[in-house]
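Here are the chains, one letter per residue:
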Amino acid sequence: MGGPRLLLLLPTRTYRTEDFIDAARKLGVDLVCASEKPSTLEDLAPDTLLTLDFADPEAAAKRASAPAAVDATRDKYQMRQCLAAAGVPVPRFRRIALDEPPLRASRGVEYPCVLKPLALSASRGVIRANNADQFIAAFARIRALLQRDDVSVAGDAARYLLAEQYVPGLEVALEGLLTKGHLHTLALFDKPDPLEGPFFEETIYVTPSRMPVAVQDAIRSAAAAACLALGLTEGPVHAELRLNDDGPWVLEVAARSIGGLCSRTLRFGTGLTLEEIILRHALDWPIASLERERRAAGVMMIPVPRAGRLDGVRGVDDAKAVRHVEDVVISAHVGQTLVPLPEGWQYLGFVFARAETPADVEDALRIAHAQLRFDVA
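None of these values were measured; they are calculated from a predicted model.

J.: Talk me through the side chain of R354; I want residue IDs and the actual numbers.
T.: Topologically, R354 is positioned in strand β17 (residues 349-355). For R354, a relative accessible area of 3% puts it in the buried group. There is a polar contact of 3.0 Å between the side chain of R354 and the backbone oxygen of T265. Excluding its chain neighbours within four sequence positions, the residues that come into contact with R354 are R264, T265, R267, E293, R295, A296, A297, H324, E326 and V361.

J.: Talk me through the sheet that holds strand β5 (residues 113-117); I want residue IDs and the actual numbers.
T.: Spatial strand order, β4-β7-β5-β6: 4 strands in an open sheet with antiparallel pairing. In this open sheet, the two strands that pair with only one neighbour each are β4 (93-97) and β6 (127-129). Between one strand and the next, the sheet's axes are offset by a mean angle of 30 degrees, whatever the strand orientation. Looking at chain direction, β5 and strand β7 (residues 160-165) are connected through 5 bridges and run antiparallel. Opposite V114, over in β7, you have E164 as the bridge partner. Packed on one face of the sheet, helix α3 (residues 76-85) meets β4, β5 and β7 and runs near 150 degrees to β4. The strands touched by helix α5 (residues 132-145) within the sheet are β4, β5, β6 and β7, with β5 carrying the most contacts at an inclination of about 10 degrees.

J.: Quick one: what's the story with the environment of V351, residue by residue and with numbers?
T.: Here V351 lies in strand β17. Overall, the relative accessible area of 0% leaves V351 in the buried class. As for V351 and C262, which are separated by 89 residues in sequence, their C-alpha atoms are 9.3 Å apart. Not counting the four nearest positions on each side in its chain, V351 is found in contact with G298, V299, M300, I302, V325, D327, V328, L365, A368 and L372.

J.: I'd like a description of unusual backbone geometry, backed by residues and values.
T.: The step from Y111 to P112 runs through a cis peptide bond, and the omega angle for that step is -5 degrees. By the secondary structure assignment, P112 is in the loop between α4 (102-106) and β5. In this model, G197 is joined to P198 through a cis peptide bond whose omega is 5 degrees. Mapped onto the elements, P198 comes out in the loop between β9 (182-190) and β10 (204-207). At S123, a position not held by glycine, the phi torsion is positive, near 65 degrees. Inspection of the secondary structure assignment puts S123 in the loop between β5 and β6. Phi is positive for K180, close to 55 degrees, though the residue is something other than glycine.

J.: Can you tell me about the pattern of salt bridges, naming the residues and giving the values?
T.: Within this structure, the stated rule accounts for 30 salt bridges. In this structure, the salt-bridge partner of E164 is R80, at a minimum N-O distance of 2.9 Å. Of this pair, E164 sits in strand β7 while R80 sits in helix α3; the two residues are 84 residues apart in sequence, bridging distant segments of the chain. For E164, a relative accessible area of 5% corresponds to the buried category. Look at the salt bridges and you will find they share partners, linking E171, K191, E202, E240 and R242 into a network.

J.: Mind laying out the packing of aromatic side chains, listing which residues take part and the relevant values?
T.: Overall, the coordinates contain 6 aromatic pairs when judged by the stated rule. Plain terms: the ring middles of Y111 and F135 are 6.5 Å apart, the flat faces sit at 90 degrees to each other, and that makes the pair edge-to-face. Residue Y111 is located in the loop between α4 and β5, and its partner F135 is located in helix α5; the two are separated by 24 residues in the primary sequence. Assessed through its relative accessible area of 0%, F135 is described here as buried. One aromatic cluster is present, built from ring pairs that chain together Y111, F135 and F139. Just above the ring of Y160 sits the side chain of R95; from NZ or CZ to the centre is 3.8 Å. Here the basic side chain of R128 rests over the ring of Y166, its NZ or CZ set 4.0 Å away from the ring centre.

J.: I'd like a description of helix α1 (residues 17-27), backed by residues and values.
T.: Within α1, the full set of buried residues consists of D19, F20, A23, A24 and L27. One face of α1 carries all of its buried residues, which in axial projection span an arc of 135 degrees. Seen from the buried face of α1, the exposed residues on the opposite side, beyond 90 degrees, are E18, R25 and K26. Against β1 (5-9), β2 (30-35) and α8 (274-282) lie the buried residues of α1. With its phi angle positive at about 75 degrees, G28 sits one or two positions after the end of α1.

J.: Can you lay out the confidence of the model for the chain for me, pointing to particular residues and giving the numbers?
T.: For the chain, mean pLDDT is 90; residues scoring 70 or higher make up 89% of the total. Across residues 40-46 the pLDDT falls below 50, and counting only partners more than four positions away or on other chains, this stretch makes 5 contacts in the model. Here residues 66-73 is modelled with pLDDT under 50, and outside its nearest four sequence neighbours on either side it reaches 5 contacts, counting other chains as well.

Each value, and the rule that gives it
- Residues numbered from 1 in each chain as written.
- Predicted model: local features only at pLDDT ≥ 70, side-chain atom pairs only at ≥ 80, totals over all residues.
- Heavy atoms only, no water.
- Helix = DSSP H or I, 4+ residues; strand = E, 2+ residues; numbered from the N terminus.
- Buried < 20%, exposed > 50% of the residue type's maximum accessible area, 1.4 Å probe, protein only.
- Polar contact = N/O pair within 3.5 Å; in protein donor to acceptor, adjacent residues only side chain to side chain.
- Contact = heavy atoms within 4.5 Å.
- Pairing = 2+ DSSP bridges.
- Axes fitted to C-alpha atoms, helices over the stretch in contact; angles between N-to-C directions.
- Salt bridge = Lys/Arg side-chain N within 4 Å of Asp/Glu carboxyl O.
- Phe/Tyr/Trp six-rings, centres within 6.5 Å; stacked < 30°, edge-to-face > 60°.
- Lys NZ or Arg CZ within 6 Å of the ring centre and 35° of its normal.
- Arc of directions from axis to C-beta.
- pLDDT = per-residue confidence, 0-100.

Printed below as a string of C-alpha cells:
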C-alpha cells in the first residue's frame, strides 16, 4: 500500500510550488499538483500533474475526484454580501456592470472610493478614486485590464467590478487555520507602510503585531466572524483588515494561505513550516503545536519601481549582509518585462529578516532594501 496522497491546487502564477513540494517530501506525502494551465511535462507524468479549469469547480471536482473537491472561492461581491448580511463590519459597496457608462456609474458612489475587479488578487486592479474624474479613469483602466491576454476571468468576474467605500486606517493581515470551525490565529502581521492609494502595493509584513492586546483580540474576533459568515470550517485562511476608531473592518478573507514567499517568515513548534502545517491538517495528522516561534520575523515584498525590462540587479550581497537579514531572494529574472501595479502582479523578490523585536525586523528590511539597485530599461 502506498503512502498518503494529496491533491494540491496551484495556480500557475504562484510562488509557493517549491515550498509545498519540499514540505510534502519531508512528510513523505505523495502530491498531485493541479494547475489551471497545462504543464509541458503533464503527458510524461499524468499521475502527478493535472490540468483543471478553476473557473468550473464542478467539472474540476469530477476530474480531480470527489475527496479532493473544494468549494469555489467566492468573488469579492459575493463575499461582501455574505459578510454584510452577518453583521461583519465591511465597507459600503456596490457591483457595477462594466458595460454601464462610467460617468453615470460615477454619480452613484461616495468619495473617496476604491474600485477593484471581482476575482483578481495581489492588489491587481485595485484603484482609489477621490472624485468622478478619477473614478472614470479607474473604471476604464480596470476594464482594459480584464481584457488583457494574461488575465483569465469568466462569468460575473468578466462583466462587473466592485466599487466600495475607502476605509482609512492601519492595515493588518491575519494568517489562520480553521479546524472544525474554530479559527486558530497562526500569525498577525502589521503592515507598517501606509496603504492609501491610488494603488495598494504591499511591501512590509512584520509579526508579532505591535497593536495593543485588546485591538488584536478584536481583529481575531472579526476574522472569526467573517469565516463563520462565509461558511468556512476547515483549512488555511488569509484575512486582510483595516483598523480605525470604529474598530476592525474586514477587507478580504481568502480560503488559502499567505501569498508569495511570505510564508517563509513563519516557523511553528519544533520548526514546522506553514506548508507542513497545512499538509498535516489536510491529512488529519497530529500537529504538536500551532504556536509561532518567539522571535519577531518579517518580509519585504520588493515592489516594481516602473515598467520596463529588467537589465540587472546589484547590491544583493550587501543586502544579505545587513544585520538580522536571513535571506534575499530575487524572483524576477534579467530580461523579464516588468509591469507595475495596478496592471502587474509580480514582485522583484523578497527580503526576509528575524530578530528579537518587530522594530529591529522592520529596520533590517528597510536597510537591506536600500542596498538593492534594479536596472530597468
